[in-house]
Amino acid sequence: MKTWTVKGAMALVLGLACMNVLQAKEGMWIPTLLKMVEGDMQAMGLKLTAEDIYSINHSSLKDAVVHFNGGCTAEMVSAEGLLLTNHHCGYGQIQQHSTVENDLLTNGFWAMTREAELPNPDLTCTFIDRIEDVTLQLSRACVGLSGEAREKRMQEEMEAIVKRATEGKGLEGRVVAFDFGNSHYLITSRVFRDVRLVGAPPSAVGKFGGDTDNWVWPRHTGDFSVFRIYADADNNPADYSADNVPYTPVHHFPVNVDGVKDGDFTMVFGFPGRTEQYLTSDAVEHVITRLNPMRIAMRDEGLAVINAARASSDALRIAYAAKQSSVANAWKKWKGQNRGLTELHALDKKRALEARLKAATGSEVVEGLAALNADCFPYLEARALFIELAYYGPDILNYAHSFSGLIEGAVEGEKRDQLLAKLRANESGFRKDFDAQVDEQLLGRLVDEYLEWIPETLTPEGLRQEVSKAGGGPAWAAKVFGKSVFDNADAMEKLLASGSAKAWGKLAKDPAYLWIENLRAHYFAQIAPEYGRLRGEIELASGAYTKALRRAFPEEVFPVDANSTLRLTYGKVEGSAPYDGMQYNPLSTARGILQKYVPGDPDFDMPERLVELLEAREYGDYANEEGELVVCFTGSNHTTGGNSGSPALDANGHLVGINFDRSWESTMSDILFDGSRCRNIMVDIRYVLWVMDVYAGAGHLVEEMTLVTQEGGEE
Ligand code: ASP
């Protein structure tokens, strides 16, 4: 239930408008509100207007920004649909096309012709059509209503708004809550479904430094991959077809081949996923002392199994590549986050702000939040553990669950045929990255760890006894796998081929199936509803909290949290000095790649050709004024996950890099941003072009782009 009012909505807008933009670098700006910071951005060096960045009247920078598969960002770099994103964003697709014989992860991939570009079923690219504040509209529709009636009316109005904006226009749309429901925006978009892999550097470039360097500066990773969007003959989204043609985007970014220097203005335009800057001190304490430690412990177990498997054979190295990356990424971030929150005295800072609010307004909002949080913590923990086990743990669980529609007979007729066809089609993809022994180990170790942390009252009934009776997690998992057929490729193929009801009857008694279904049933009955109810109340109270802060301290900046919608963040190319006696330069160069090179080390090995080119300093046209090849740079742009792949733009809106990470000292920025030490990491566009052109010999891709110099002249 949302309780904002017209007055509340105005207060938010005014709150934003009145901001004294002292900490210009903090904040992920909603594109329609850029006018408020236009002056500040221009004072820092921007040569464009807010309207050049986001406009619904003419083409603007927003038309070249892409939500890549709903999780990352990408950018258009040619009039023929060419798109850049991170290597780690395209990793799943690169892995899908890799086999032991044709290992694109290791060797890289470059389509030398359009015919050689590789289709990717299910990959989508979304362009934003318009963003519109509909807060007042919704508020008016709900005047005089409360509780469920209000909620119902609100839903209806949102649906009507979306329908009016999209019907018959080839658009998709949704109304999204911002700032805990204090405002709502209509976002319409165009979704493309034929997106082909064009190029990827070898992992030794795209993932250079591996987990060792992930979340760390100085960095020397060429974290990019190249795709192309295809459209139908009218330039509209279409399912994959050999007849589709390269999409002509409304705008594509010119590429600044002069690159950046220390102090240059930069902005990052993309889809930041989620920040939690208004967690109160009690919730931050819970993150530090319970939530992060339990999630880290679960992933420690998973990574121990996966890393050992990957080291044991090439086949397993490839099969578990994407899983390892996704498990390790947040695992390392949570570690850094705990360290940063502690070092920055996050609890003291949060408590001080809460005390100031209390002193200024007498508001009880923080106490109210703390009481709700305390009720929610056990559910939050149980939910986090369920996610770790069911989604980042053994793959057999989700696989078995995907058969539930057939097994339970819940789908019939045409729907049943469609599901069966989907399962048959998914079979080879699943088997390609699945190893029963690895999966069994994952199940055993993760179940033990799960039982270590799950609050007693929320433990699935009988699980503790069952596991202990079997002699612990691994022995219990061996029993499950011993009797299951889901891990048996031949048996499953036969079942899928027969497609008979009898076959599904057999699976209904399969221990892997029974176990995941019980775990899910327990989660959806015992945890999700209460968690959802409490979260709803926490959202409301958090909305009241941010409103109270803005009203009490109108001179201060209280930016709106990220919510996977398009945002602009701006800052400078800037180094940092996070610790005493330490000074980070903002630019890293190819010299550092050679300094890190360790033959045979999985994180720091390199193909011979790369070593030779770098040793010979064959930088082509891509060296800077000092004759160095810049590889990565840091900036003071406020970013988060989801900004991966975002365009890093200069003062003219020209592409200078691709955002891909934050430094180790910034990992807490989702909860507490600190302008003096938070730095985002971007791969320099000159290194991207060098890898394509000089290393890979795919200069035709560079030729497709619009190359410009610092002052904006075409090359
Ligand atoms: N490397 C990060 C990610 O994968 C990007 C970031 O969070 O800054 O999400």
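Residues numbered from 1 in each chain as written. Predicted model: local features only at pLDDT ≥ 70, side-chain atom pairs only at ≥ 80, totals over all residues. Heavy atoms only, no water.

Asker: In this structure, what is going on with the pairing of strand β7 (residues 172-178)? I would like to understand it.
Answerer: Two faces belong to every sheet, and in a regular strand the side chains alternate between them. Bridge count for β7 against strand β8 (residues 183-192) is seven bridges, and the pairing is antiparallel. Residue V175 lies in a different strand from β8, and its bridge partner there is L186. Between the end of β7 and the start of β8, which pair antiparallel, lie four residues, with D179 showing a positive phi angle near 50°. (Pairing = 2+ DSSP bridges. Helix = DSSP H or I, 4+ residues; strand = E, 2+ residues; numbered from the N terminus.)

Asker: When you look at the state of the cysteines in this model, what are you seeing that I'm missing?
Answerer: Formally, a disulfide is one covalent bond, and it connects the sulfur atom of one cysteine to the sulfur atom of another. Enumeration over the complete set of coordinates arrives at one disulfide. Here C125 stays free of any disulfide, with the sulfur of C72 as its closest cysteine sulfur at 11 Å. Its relative accessible area of 0% is what places C125 among the buried residues. (Disulfide = S-S within 2.5 Å. Buried < 20%, exposed > 50% of the residue type's maximum accessible area, 1.4 Å probe, protein only.)

Asker: What's the story with the environment of V327 in this structure? I'm lost.
Answerer: As for its placement among the helices and strands, V327 is situated in helix α12 (residues 321-343). Owing to a relative accessible area of 2%, V327 belongs among the buried residues under this scheme. Separated by 28 residues in sequence, V327 and R299 place their C-alpha atoms 6.6 Å apart. In contact with V327, other than residues within four places in its own chain, are R299, L303, I306 and Y392. (Contact = heavy atoms within 4.5 Å.)

Asker: Explanation requested: the confidence of the model for the chain in the structure shown.
Answerer: Any region with low pLDDT has predicted coordinates that should not be read closely. In this model, the chain carries an average pLDDT of 94, and 96% of its residues clear a pLDDT of 70 or more. Across residues 1-24, where pLDDT falls below 50, the model places 54 contacts with residues more than four positions away in sequence or in other chains. (pLDDT = per-residue confidence, 0-100.)

Asker: So what exactly am I meant to see when it comes to the packing of aromatic side chains here?
Answerer: One pair of aromatic rings is described through two measures. These are the centre distance and the angle between the planes. Taken as a whole, this structure holds 21 aromatic pairs when the rule is applied. Geometry around Y392 places R299 over its ring, the cationic atom sitting 4.0 Å from the centre. The ring of F553 is capped by R356, whose NZ or CZ atom sits 4.1 Å from the centre of that ring. (Phe/Tyr/Trp six-rings, centres within 6.5 Å; stacked < 30°, edge-to-face > 60°. Lys NZ or Arg CZ within 6 Å of the ring centre and 35° of its normal.)

Asker: Looking at this structure, I do not really get helix α25 (residues 608-615). What am I missing?
Answerer: Given 3.6 residues to a turn, an α-helix orients residues that are three or four positions apart in the same direction. By the burial criterion, the buried members of α25 are L610, V611, L613 and L614. Down the axis of α25, the sector holding all buried residues measures 165°, keeping them to one side. Within α25, the exposed residues directed more than 90 degrees away from the buried face are E608 and E615. Looking at the buried side of α25, the elements it contacts are α8 (203-206), α24 (590-596) and α26 (685-695). Downstream of α25 by a residue or two, R617 has a phi angle that is positive, lying close to 50°. (Arc of directions from axis to C-beta.)

Asker: I would appreciate a short explanation of the pattern of salt bridges in the present structure.
Answerer: Should the charged atoms of two oppositely charged side chains come close, the side chains can pair. Within this structure, the stated rule accounts for 44 salt bridges. Close ionic contact of R533 with E537 constitutes a salt bridge, the shortest N to O distance being 2.9 Å. Here R533 and its partner E537 are both found in helix α23 (residues 511-552), four residues apart, which amounts to about one turn of the helix. Taking relative accessible area as the criterion, R533 reaches 42% and is therefore assigned partly exposed. (Salt bridge = Lys/Arg side-chain N within 4 Å of Asp/Glu carboxyl O.)

Asker: Quick question: what am I supposed to make of the site of the ligand here?
Answerer: By nearness alone, every residue bordering the ligand is listed as H88, W215, N329, T640, G641, S644, F660, D661 and R662. In this structure, F660 approaches the ligand through a main-chain N or O atom, which is 2.9 Å from a nitrogen atom. In this structure, R662 approaches the ligand through a side-chain N or O atom, which is 2.7 Å from an oxygen atom. In terms of residue count, the dominant contributor to the shell around the ligand is strand β18 (residues 655-662) (three residues). Residues belonging to the shell around the ligand are distributed by class as follows: two nonpolar, five polar and two charged. (Near = heavy atom within 4 Å. Polar contact = N/O pair within 3.5 Å; in protein donor to acceptor, adjacent residues only side chain to side chain. Nonpolar A, V, L, I, M, F, W, Y, C, P; charged D, E, K, R; others polar.)

Asker: What should I look at first to understand the packing of helix α17 (residues 413-432) against helix α21 (residues 489-498) in this one?
Answerer: At their nearest, the axes of α17 and α21 sit 10 Å apart, and the two run at 165° to each other. With respect to each other, α17 and α21 are oriented roughly antiparallel. For α17 against α21, the interelement crossing comes out left-handed. Residues L420, L423, R424, E427 and R431 of α17 touch α21, and the partners they reach there are A489, M492, L496 and A497. Each residue belonging to the contact of α17 with α21 can be placed in one class, and the counts come to six nonpolar, no polar and three charged. (Axes fitted to C-alpha atoms, helices over the stretch in contact; angles between N-to-C directions. Parallel < 35°, antiparallel > 145°, perpendicular 65-115°, else oblique. Left-handed = near helix turned anticlockwise from the far one by under 90°.)

Asker: Teacher, can you tell me more about the nonpolar core here?
Answerer: Here is a general trend for soluble globular proteins: nonpolar side chains tend to be buried in one another's company. Core analysis: the biggest nonpolar cluster contains 103 residues, and M267, W690 and M692 have the highest contact counts within it. M692 has contacts with L84, W110, F224, V226, G697, A698, G699, L701, V702 and M705, leaving out every residue within four places of it along the chain. Counting residues in hydrophobic clusters, the runner-up holds 68 residues, among them V365, F386, F430 and I516. (Core = buried A, V, L, I, M, F, W, Y, C linked by side-chain atoms within 4.5 Å.)

Asker: Hey, could you run me through the environment of P272 in this one?
Answerer: Relative to the helices and strands, P272 resides in the loop between β13 (265-270) and α10 (281-312). Given the relative accessible area of 1%, P272 is considered buried. It is 8.0 Å that separates the C-alpha atoms of P272 and M28, two residues lying 244 residues apart in sequence. The residues contacting P272, other than those within four sequence positions of it, are M28, A562, N563, S564, T565, R567, T640, G641, G642 and N643.

Asker: Help me understand the pairing of β13 in this model?
Answerer: Along β13, six of the six residues are buried, which leaves the element largely enclosed by surrounding structure. Relative to strand β14 (residues 567-572), β13 runs antiparallel, the two being bridged by six bridges. Bridge assignment links T266 to a residue of β14, and that residue is G571. The pairing of β13 with strand β17 (residues 647-649) spans two bridges and is classified as antiparallel. Within the sheet, the bridge partner assigned to V268 lies in β17 and is A648.

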